[in-house]
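Results of the structural survey
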Amino acid sequence: MSGGRVVLNDRLLGTAALVFAAVMVWQGYGLEAPFAYEPVGPRAFPMLLSLVIGLCGLWLAARGGNPVEPVAAGVKGRVVAVSVALAAYAFLFQWLGIVLATFLMSLPVGRAFGGSWLKTGITGLALGVAVFLLFDKVLDVVLPTGLLGGLL
């Protein structure tokens, strides 16, 4: 604490990452598919991701209390925009489908990284179509088509 403010450092961030990894394990361990069509099942991804986050958190916590550099102007707004876009993507993915959801998510994310409306829109649409074709046609993994169901 410095004058009533919490000063972020590597040890605090590492501890937060360890807590987050533990919550992921707690929530993800019970995931089971009603039928098995994959050898690893649905819990593999959250378990692997929590392992990576936990190892990074452990490294940061053990590394010490190095102070974190201050955030540059405008970064917090971009982080919030990207976070909201990703949360909306998760909630709208099933209803809109992969192509539209990816397109809409790419707009604020691309703009946050300095892309123009046109470039982020074209890239988002191309990415959505490419991911759909890769998973649906090549890998035979069914993804939601959403509002474009009749076209895809």
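What counts as what
Residues numbered from 1 in each chain as written. Predicted model: local features only at pLDDT ≥ 70, side-chain atom pairs only at ≥ 80, totals over all residues. Heavy atoms only, no water. Core = buried A, V, L, I, M, F, W, Y, C linked by side-chain atoms within 4.5 Å. Buried < 20%, exposed > 50% of the residue type's maximum accessible area, 1.4 Å probe, protein only. Helix = DSSP H or I, 4+ residues; strand = E, 2+ residues; numbered from the N terminus. Contact = heavy atoms within 4.5 Å. UniProt positions renumbered as here; feature names shortened; annotations may be inferred. Salt bridge = Lys/Arg side-chain N within 4 Å of Asp/Glu carboxyl O. Axes fitted to C-alpha atoms, helices over the stretch in contact; angles between N-to-C directions. Parallel < 35°, antiparallel > 145°, perpendicular 65-115°, else oblique.

Attention now goes to the nonpolar core. Here is a general trend for soluble globular proteins: nonpolar side chains tend to be buried in one another's company. Counting five residues, the largest nonpolar core consists of Val82, Ala85, Met105, Val109 and Ala112. Going through the elements one at a time, helix H3 (75-96) and helix H4 (98-112) are the ones with two or more residues in this core. The greatest single-element share of this core, amounting to three residues, is contributed by H4. Residues in contact with Met105, not counting those within four places in the same chain, are Ala85, Leu86 and Tyr89.

In this section: the UniProt feature "transmembrane region" (unreviewed entry) in the protein. UniProt's feature table lists "transmembrane region" (unreviewed entry) at residues 12-31, 43-62, 82-105 and 117-135, given in the numbering used throughout. Each end of residues 12-31 is marked by a C-alpha atom, and these two atoms are 30 Å apart; helix forms 85% of the span and strand 0%. Taken as a whole, residues 82-105 contains 96% helix and 0% strand, while its terminal C-alpha atoms sit 8 Å from one another.

This brings us to the pattern of salt bridges. One pass over the full model with this rule turns up two salt bridges. Between Arg63 and Asp10 there is a salt bridge; the shortest N-O distance is 2.3 Å. Of this pair, Arg63 sits in helix H2 (residues 44-63) while Asp10 sits in helix H1 (residues 10-28), and the two are 53 residues apart along the sequence. Judged by its relative accessible area of 40%, Arg63 falls in the partly exposed class. Residue Lys137 pairs with Asp136 through a salt bridge whose shortest N-O separation is 3.2 Å.

Moving on, we come to the environment of Gly65. Within the fold, Gly65 resides in the loop between H2 and H3. For Gly65, a relative accessible area of 42% corresponds to the partly exposed category. Each C-alpha atom, one on Gly65 and one on Gly14, is 9.9 Å from the other, the two residues being 51 residues apart in sequence. Apart from the residues within four sequence positions on either side, Gly65 is in contact with Asn9 and Arg11.

As for its placement among the helices and strands, Ser50 is situated in helix H2. Judged by its relative accessible area of 5%, Ser50 falls in the buried class. In contact with Ser50, other than residues within four places in its own chain, are Ala21, Met24 and Val25.

It is worth spelling out the packing of H3 against H4 at this point. At a closest axis distance of 8 Å, the pairing of H3 and H4 adopts a crossing angle of 175 degrees. On the basis of the axis angle, H3 is roughly antiparallel to H4. Within the contact between the two elements, H3 uses Arg78, Ala81, Val82, Ala85, Leu86, Tyr89, Leu92, Phe93 and Leu96 and H4 uses Ile98, Leu100, Ala101, Thr102, Leu104, Met105, Pro108, Val109 and Ala112.

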